[in-house]
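What follows is each chain in one-letter form.
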Amino acid sequence: MSEHVPVTSVTLERFRNHQHLEIGSLDQTTVLVGPNGSGKTNVLEAIDLVISGRSFRQARIEDVVQWGSDDAVVRLALARQDAAFVVEERLSAEGGRRLYVNGVEKRRRSDVVGKEHTVVFRPDDLELVKGPSDVRRDALDALGARLSEAYGHTRREYTRVVRHRNALLREWRATQADLEVWTEQAIALGARLLVHRRRLLARLAAHAAREHDSLSDGARLSMEYHDRCGLGATDPAVEVSGDDAKAALRAAFAARRDEERQRATTVVGPHRDDVVLLLDGREARRFASQGQRRSIALAWRIAEMRTIEDVSGSSPILLLDDVMSELDERRRAALQDCIASASQAVLTTTDEGHVPGAGRRALVIALGGPRE
Ligand SMILES: Nc1ncnc2c1ncn2[C@@H]1O[C@H](COP(=O)(O)OP(=O)(O)OP(=O)(O)O)[C@@H](O)[C@H]1O
Ligand SMILES: [Mg+2]
């Protein structure tokens, strides 16, 4: 455990239900306790919004500004080995956002909070196992984007190109030649994204398998990458070159030319791929029990933590939203270990009794009722 915690204080102004909330001195572990609707998740969301740049609720900026207000402010005091500074994000009801460090505006988030990372644990994580493929793609890509600028850039560009291409496919006048240039870009960027994804998944899957072993009784967790372009290499640990990926994508685009004109959308590429989770070789989405799904989801998030430690060399900040109460003794103990080894953890709960050890080691903050 490091001697200093990364986030030393949090201030919210007009952020969701919090007119003004100041948490003055966060500890290595901080527990936010309050009844339903008191704004616990909102505090985690605010911290994540500044550090990771996005809301784990997939909320739009305008949604987090308190109803009837023009803007919201989230202020974090951050401490590093060699420096302490205040990061402030101003969010406008029109959807804009501006980032300041010690009062000076900054353009790039990575210049400001590039060293800090968050991993969020939520009851909704079960969706990783039973939800549609975009939940898993998004989780993987969000992790990749946080760890590598190149990954994030490739993903944004690829998404932009596919959107453009789809718009073109919907125009009945667009010719094959009009499409060509966008197809080439989709192939180049898609191949790059696919390679990034597989590499990250290989790392994540190895950690997840190990973590899952200690959470469950013997069932083996594995992860496969299922592409829609006929590469056929489902084991992410098998290295696929950019050229192989390009060739496969090019062939798939050619083969499904008529189909995509008919459906007026881009039907091949990494935006259609899936990460398949297997328990003892069987698809967890279809066969795993509720408790087994919970272990898999937990293993995924802990694996994110380990992957961040591998790549960045430092431990992330864990944000745990009401997850303890749903876990049995063994999983709770595993999570406690993660919390203890994280650079910092912020937990929420409606009942302090659900957080073992909280009274001993953690700073406990009571949030008021819905109308504070
Ligand atoms: N933009 C907004 N302006 C004002 N209030 C908002 C806004 N967005 C959400 N809220 C309110 O914030 C309240 C608290 O939400 P939050 O999800 O943080 O509660 P919670 O303490 O996590 O509750 P639970 O224990 O049920 O998870 C909700 O009642 C919600 O309606
Ligand atoms: Mg909540």
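Residues numbered from 1 in each chain as written. Chains lettered and ligands numbered in written order. Predicted model: local features only at pLDDT ≥ 70, side-chain atom pairs only at ≥ 80, totals over all residues. Heavy atoms only, no water.

Right, let's get into the packing of helix α5 (residues 133-147) against helix α6 (residues 149-170). Direction vectors running N to C along α5 and α6 enclose 130°, while the axes themselves pass 5 Å from each other. Considering the angle they form, α5 stands oblique to α6. The way α5 lies across α6 gives a crossing that is left-handed. Mapping the contact onto sequence places D138, L140, D141, G144, A145 and L147 in α5 and E149, Y151, G152 and R155 in α6. (Axes fitted to C-alpha atoms, helices over the stretch in contact; angles between N-to-C directions. Helix = DSSP H or I, 4+ residues; strand = E, 2+ residues; numbered from the N terminus. Parallel < 35°, antiparallel > 145°, perpendicular 65-115°, else oblique. Left-handed = near helix turned anticlockwise from the far one by under 90°. Contact = heavy atoms within 4.5 Å.)

Time to look at unusual backbone geometry. Its identity is not glycine, yet R14 carries a phi of approximately 50°, on the positive side. Turning to its location among the elements, R14 is positioned in strand β1 (residues 7-15). You can call R14 partly exposed: its relative accessible area is 21%. Positive phi, normally seen in glycine, also occurs at Q58, with a value near 60°. (Buried < 20%, exposed > 50% of the residue type's maximum accessible area, 1.4 Å probe, protein only.)

Right, let's talk about the domain arrangement of the chain for a bit. Examined at the domain level, the chain breaks down into domain 1 (7-117 + 314-366) and domain 2 (131-287). Between the C-alpha centres of domain 1 and domain 2 there is a distance of 31 Å. Between domain 1 and domain 2, the contact holds eight residues from the first and ten residues from the second. For the pairing of domain 1 and domain 2, the buried interface totals around 730 Å² over both sides, and the portion due to carbon and sulfur atoms is 45%. For domain 1, the biggest contributors to the area lost against domain 2 are R54, H117 and R330; these three give 59% of the whole. Between domain 1 and domain 2 we count two salt bridges in total. Between R330 and D217 there is a salt bridge, with the nearest N and O atoms lying 2.9 Å from each other. Element by element, the count of residues in the side of domain 1 that touches domain 2 is highest for helix α12 (residues 329-341), at three residues. Residues that form the side of domain 1 that touches domain 2 fall into these classes: one nonpolar, three polar and four charged. (Domains from an automatic or database assignment. Buried area = accessible area lost by both parts, 1.4 Å probe. Salt bridge = Lys/Arg side-chain N within 4 Å of Asp/Glu carboxyl O. Nonpolar A, V, L, I, M, F, W, Y, C, P; charged D, E, K, R; others polar.)

Looking at ligand 1, there are 16 residues lining it, with G37, G39, K40, T41 and R57 nearest. The backbone of N17 places a nitrogen or oxygen atom 3.5 Å from a nitrogen atom of ligand 1. Within the backbone of G37, an N or O atom sits 2.8 Å from an oxygen atom of ligand 1. Protein chains bury 75% of the 650 Å² of accessible surface belonging to ligand 1 in isolation. Counting residues per element, the shell around ligand 1 draws most heavily on helix α1 (residues 40-51), at three residues. Within the shell around ligand 1, the residues separate by chemical class into three nonpolar, nine polar and four charged. (Near = heavy atom within 4 Å. Polar contact = N/O pair within 3.5 Å; in protein donor to acceptor, adjacent residues only side chain to side chain. Areas by Shrake-Rupley, 256 points an atom, 1.4 Å probe, with all protein chains shown as cover.)

Turning next to the sheet that holds strand β10 (residues 274-279). With respect to topology, three strands assemble into an open sheet ordered β9-β10-β11, the strand pairing being antiparallel. With one partner strand each, in any of the chains shown, β9 (221-226) and β11 (282-283) form the two edges of the open sheet. Pairing of β9 with β10 involves six bridges; the strand directions are antiparallel. Bridge pairing in β10 places L221 opposite L279. Seen against the sheet, helix α7 (residues 176-215) touches β9 and β10 and runs at an angle of roughly 170° to β9. (Pairing = 2+ DSSP bridges.)

Positionally, Q58 belongs in the loop between α1 and α2 (61-64). Note on Q58: relative accessible area 55%, which makes it exposed. Along the sequence, Q58 and E239 sit 181 residues apart, while their C-alpha atoms lie 32 Å from each other.

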